[in-house]
Each structure stands twice: as structure tokens, then as C-alpha cells.
Amino acid sequence: MTITIVISFLLLTCDFIDTQIPAERKQKEMTYSYACLDSTVSAGRVNRMLGKGGDIVRDLIVSEKTITDEVQNEYGAAFHKDAVESKTFKMLDDTKINSHLNQVMQELLAVREVPSKIDYHIYALDDTAINAFTFGGRIYVTKRMYEECEGKTALLYAIVGHEIGHSEKGHIKRTIQELHVSNKIFGEENGLTAFSIKRILTGSFNQKNELEADYYGTDLAFQLDQDVCAAVSFWRKMASSENEYNKVEDFFRTHPFSALRAQCLQNHINANFSKKCGLLK
Ligand SMILES: [Zn+2]
């Protein structure tokens, strides 16, 4: 089935009220610094091939304005339908895990300051890789990733918050644009299935996007009184274990970015929350 693409995130609702959040937890002007990144920020396949002209070509082909939240929702619904029907994803039939994921997602969505109209849904996948990703408001978390968070609920908030960040910060919107460019340039209009989209998706976020999503997720988790150092510990662990890293090759393909990512996130937490993250737990 031909799908026209793409990404993004969630939905919200919830009557979570602002007044439930202690004043000191209210979102304030956050400082998002990328100075910790090196200059060789990796880019996605399309951008790598297009080089500097990529942005220009992309903007000419598809204006960012045309990829509204509603359009992203449509892409997400089509993506999910194809992913299930083509058995690209094996959904995990576990009510407990799925409802826990949904609860975490709804809590995070409720504390966004400027919520999008993206319609979010979250699903557990029966998959042994440590992985999580998002597209058109649909968030997927593998069983192995969920298990990695057992006993470390704060990490689950960080991971889901990170995925929400990709949508709320417009990364998915830009990925949809890139998919359109890819269509024009690589002639994939007949091959944009859930499988090919996932393949493009997993290589399309650069380090800056990943960090921005980390920062955004951390900011939401902080408001929910979660331990914001959990993600720092996770990335340190990923950086220190090749074996563990091999399990994350698909979506979180950041090595040797993991160590840098942990450091950048730690800097962010220190700068914005005056909190220092300790040694690896
Ligand atoms: Zn990401």
C-alpha cells in the first residue's frame, strides 16, 4: 500500500491542571544549548545526499506551512495502519504495559506549555531491540525498551517525553518534508510503505534534533517531579557497553554520540534545574 508519509506525535487531553503543579515546577524559559556538540553533526540520508542545497530544495518542494498538525495526524494514522497490516510491527498484546505507557504519555502531554494539535497514541511493540520511535503522533516503545525502564520509571518518562519532543519541536514535520523530497528525487512514490518510512525515519534525525528532544522530554519530566538524571544514566550506560549498544542500533543509533549526549543532557539539567547528576546508577 502506498502511504504518503509520516511523523509526529500525540494527543492530549487530560484535565491535568496547571494548579496541580507546584510553582517552582512550572515551565520557565529554558536554555537549550548545543555548544556541547561537535561540529560534525550527522544528518539524515536525504540531507547527506543533498548537501547544503537540501534545505533549499526541501523548502521549494513542500512548504513547512502545508504540513499542519492535522496533516501529521493523517500520516500517522496511515503509517500505523500499514505497519500493522503489513506486519512490519508486531504489536504487544499486554494491557498492563499498554495502559502504563498511555498513562505516562498523558501525564507528559498535560504539562506541555504550548500544546500542538497533534493526536497522540502510544503502543508497545513485541520486539527485542531497545528502541522507541514516533511518526504522525504515533509513539512506539519496544518491550525490551520498556523492560529497560522497569524499576526506573523516570527513564520511561524521559523516553516518552523525548518522542513527544520530536513532534512538538517540528522534527517530524521536517521529516515529512524530507520524505516528499525523497519521493521526488529517489522516485520512491510507490515504495513509501511503513517499512521504508521507518527506515528513513531512523536515519533522519541529527544530533541537534536528538538533543532538543532530550531537553524537551526532560523539561516535561521535571514538571512531573521525575528524576531528570535517569536519562543521563541511561546514555552513560549505552556509551559504556558495546553489547548494549548493539541492541539499540536501529532507532537510537547515536554511538559514539551516547557519551556526548549524556554530557549535554547533564549540562542542560545543571543549567536549568541546578541539579548535578551523579555517577552511573
Ligand atoms: Zn529521538
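Being a predicted model, the structure only gives us computed values, none of them experimental.

1. Describing helix α3 (residues 69–85)
Over its 17 residues, α3 extends 24 Å from the first C-alpha to the last, a length consistent with the 24 Å expected when each residue adds 1.5 Å. The complete set of buried residues in α3 reads D69, Q72, N73, Y75, G76, F79, H80, D82 and A83. A positive backbone phi angle near 60° is found at K87, which sits one or two residues after α3.

2. Here we look at the nonpolar core
By size, the foremost hydrophobic cluster in this structure holds 52 residues, and its most contacted members are L101, M105, L108, I139, V160, I164 and F234. Put simply, the parts of the chain that give this core at least two residues each are α4 (95–110), β1 (121–125), β3 (138–142), α5 (143–148), α6 (153–168), α9 (207–223), α10 (230–240) and α12 (257–273). The element best represented in this core is α6, accounting for eight residues. Not counting residues within four places of it along the chain, the set of residues in contact with L101 comprises I122, Y123, A124, V141, Y146 and L156. In this structure, I67, Y75, A83 and F89 belong to the second largest nonpolar core, which totals 13 residues.

3. Topic: unusual backbone geometry
Residues apart from glycine generally show negative phi values, whereas peptide bonds are mostly found in trans. Even without being glycine, D225 reaches a positive phi, approximately 65°. Mapped onto the elements, D225 comes out in the loop between α9 and α10. Among the residues examined, D225 registers a relative accessible area of 53% and is labelled exposed. Phi at S274 takes a positive value of approximately 50°, unusual for a residue other than glycine.

4. Some details on the sheet that holds strand β2 (residues 132–135)
Working definition: the strands of a sheet are paired by backbone hydrogen bonds and lie parallel or antiparallel to each other. Read across the open sheet, the three strands follow the order β1-β3-β2; overall the sheet is mixed. Where the open sheet ends on each side, the last strands, each with one partner, are β1 and β2. Geometrically, the sheet is characterised by an average inter-axis angle of 20° between neighbouring strands, direction not taken into account.

5. Overview of the coordination of the zinc ion
The coordination sphere of the zinc ion, as far as protein atoms go, consists of H162 (NE2), H166 (NE2) and E210 (OE), spread over 2.0 to 2.1 Å. Donor residues for the zinc ion, ordered by position in the chain, follow H-x3-H-x43-E. Taken as a pair, H166 in helix α6 and E210 in helix α9 lie far apart in primary sequence, 44 residues in all.

6. Here we look at the state of the cysteines
A full pass over the atoms with the stated rule returns two disulfides. A sulfur-sulfur separation of 2.0 Å characterises the disulfide bridge that pairs C36 with C264. On the sign convention where negative means left-handed, the S-S torsion of about 120° between C36 and C264 marks this disulfide as right-handed. Of this pair, C36 sits in the segment before α1 (45–50) while C264 sits in helix α12, and the two are 228 residues apart along the sequence. Each sulfur of the disulfide joining C229 and C277 lies 2.0 Å from the other. Between C229 and C277, the S-S torsion sits near -85°, and that sign places the bridge as left-handed. Of the two residues, C229 is situated in the loop between α9 and α10 and C277 in the segment after α12; the sequence distance between them amounts to 48 residues. For C229, a relative accessible area of 5% gives the class buried. Along the protein chain, the cysteines engaged in disulfide bonds are linked according to the scheme 1-3, 2-4 when indexed in sequence order.

7. Focus: the packing of aromatic side chains
Scanning the entire structure with this criterion turns up eleven aromatic pairs. Considering the side-chain rings of Y32 and Y215, the 5.3 Å spacing of their centres and the 70° angle between planes classify their relative orientation as edge-to-face. Here Y32, found in the segment before α1, pairs with Y215, found in helix α9; they are 183 residues apart in sequence, far enough to count as distant. Ring geometry for F234 against W235: centres 4.9 Å apart, planes inclined by 70°, an arrangement best described as edge-to-face.

Criteria and cut-off values
- Residues numbered from 1 in each chain as written.
- Predicted model: local features only at pLDDT ≥ 70, side-chain atom pairs only at ≥ 80, totals over all residues.
- Heavy atoms only, no water.
- Helix = DSSP H or I, 4+ residues; strand = E, 2+ residues; numbered from the N terminus.
- Expected span 1.5 Å × (residues − 1).
- Buried < 20%, exposed > 50% of the residue type's maximum accessible area, 1.4 Å probe, protein only.
- Core = buried A, V, L, I, M, F, W, Y, C linked by side-chain atoms within 4.5 Å.
- Contact = heavy atoms within 4.5 Å.
- Pairing = 2+ DSSP bridges.
- Axes fitted to C-alpha atoms, helices over the stretch in contact; angles between N-to-C directions.
- Donors = N, O, S within 2.8 Å, 3.2 Å for Na, K, Ca; no water.
- Disulfide = S-S within 2.5 Å.
- Phe/Tyr/Trp six-rings, centres within 6.5 Å; stacked < 30°, edge-to-face > 60°.

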